[in-house]
Amino acid sequence: FLPHQATTNAQGRTVVRFHQTHEGHRVWAGEAIAHVEPDGQVKTLTQGLKSQVALATASPRLSAEQAKAIALRNLSPKGPMTQAPKVEEVVFPTKFTGGLATRIDSARKQEVWDKEMSLWAKAPAEAYVRAYEVRTLLANKQDGHKEICFIVDADTGTILRKWNAIQTDAPAQGTGASYFRGSVPLSTTLAAD
């Protein structure tokens, strides 16, 4: 396990998040959480751990640079990159391979098929494969603001998964209904959809 985030609240409870690792590499979507109470008592949440992780190959056939090139070819940016892509070798659970992506069409006010983010990749036969997670960041007039992430199979070069990691578009003021205080302001965000 590799700790990646720890916070302590005002009551003294510490929450630590751990990445699951296998052979020194992060298992994609594998995470455990530990709650450490002020008295030192530890409670763990391990539902996010992946079981029976095994890899068929001893090392990746492709390099990190080759995986980055594959992701950039798919991204095909029209303007400059905001920063160099970040590449990390990971162990990828193939059950998360590809699929149909949708988005909200704000003009039609309905969910539509997102051709750009959908993938038609066939899942590898193995439950886990060596892969590279490639994170890109675009923020220019030609491309807009995108943080597209790719999972590239480290043996075949196939893009197994793709998503836009931007979580929010703009700050917005919301209103919550409090049981004791009536309407209360909430800091939130407004997405494009």
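The coordinates are above.
Thresholds, definitions, all that
Residues numbered from 1 in each chain as written. Predicted model: local features only at pLDDT ≥ 70, side-chain atom pairs only at ≥ 80, totals over all residues. Heavy atoms only, no water. Helix = DSSP H or I, 4+ residues; strand = E, 2+ residues; numbered from the N terminus. Buried < 20%, exposed > 50% of the residue type's maximum accessible area, 1.4 Å probe, protein only. Contact = heavy atoms within 4.5 Å. Areas by Shrake-Rupley, 256 points an atom, 1.4 Å probe, with all protein chains shown as cover. Lys, Arg positive; Asp, Glu negative; His and termini not counted. Charge placed at Lys NZ, Arg CZ, Asp CG, Glu CD. Core = buried A, V, L, I, M, F, W, Y, C linked by side-chain atoms within 4.5 Å. Salt bridge = Lys/Arg side-chain N within 4 Å of Asp/Glu carboxyl O.

Q: Even after reading the chapter, I still don't get the overall build of the chain, so can you show me in this structure?
A: Per the secondary structure count, the chain includes 1 helix and 14 strands. In terms of principal-axis extent, the alpha carbons of the chain reach across some 60 × 50 × 30 Å. Relative to its 193 residues, the chain shows a buried fraction of 34%. Across the chain, contacts joining residues at least 24 apart in sequence account for 48% of those joining residues at least 6 apart. Accessible area of the chain: about 12300 Å², with a carbon and sulfur share of 52%. The chain carries 23 positive and 19 negative side-chain charges, and their two centres are separated by 4 Å.

Q: What is the right way to read the side chain of E37 from this model?
A: Tracing the backbone through its elements, the reader meets E37 in the loop between strand 3 (25–36) and strand 4 (42–45). When near neighbours in sequence (up to four residues on either side) are disregarded, E37 contacts G12, R13 and K43.

Q: Looking at this structure, I do not really get the nonpolar core. What am I missing?
A: General note: in soluble globular proteins, nonpolar side chains tend to be found buried as a group. Counting residues in each nonpolar core, the largest one holds 16 residues, and the members touching the most others are Y132, V134, F150, V152 and I159. At the level of secondary structure, the elements contributing two or more residues to this core comprise helix 1 (64–75), strand 8 (128–135) and strand 11 (148–153). In terms of residue count, the dominant contributor to this core is helix 1 (4 residues). Filtering out sequence-adjacent residues up to four positions away, F150 remains in contact with A71, N74, L75, Y132, E133, V134, T136, I159, R161, K162 and W163. Ranked by size, the runner-up nonpolar core spans 10 residues in total, among them V129, A131, I151 and L160.

Q: Sorry, what's going on with the pattern of salt bridges here?
A: Between side chains of opposite charge, pairing is possible as soon as their charged atoms come close. For the structure on display, the rule yields 11 salt bridges. As a salt-bridge pair, R13 and E37 come within 2.8 Å of each other at their nearest N and O atoms. Of this pair, R13 sits in the loop between strand 1 (2–8) and strand 2 (14–22) while E37 sits in the loop between strand 3 and strand 4, and the two are 24 residues apart along the sequence. The partner of E65 in a salt bridge is K68, with the nearest N and O atoms 3.4 Å apart. Of this pair, E65 and K68 both sit in helix 1, 3 residues apart, which is roughly one turn of that helix. With a relative accessible area of 53%, E65 lands in the exposed category. The network of salt bridges with common partners includes R26, E88, E133, R135 and E147.

Any link to function would need more than the numbers given here.
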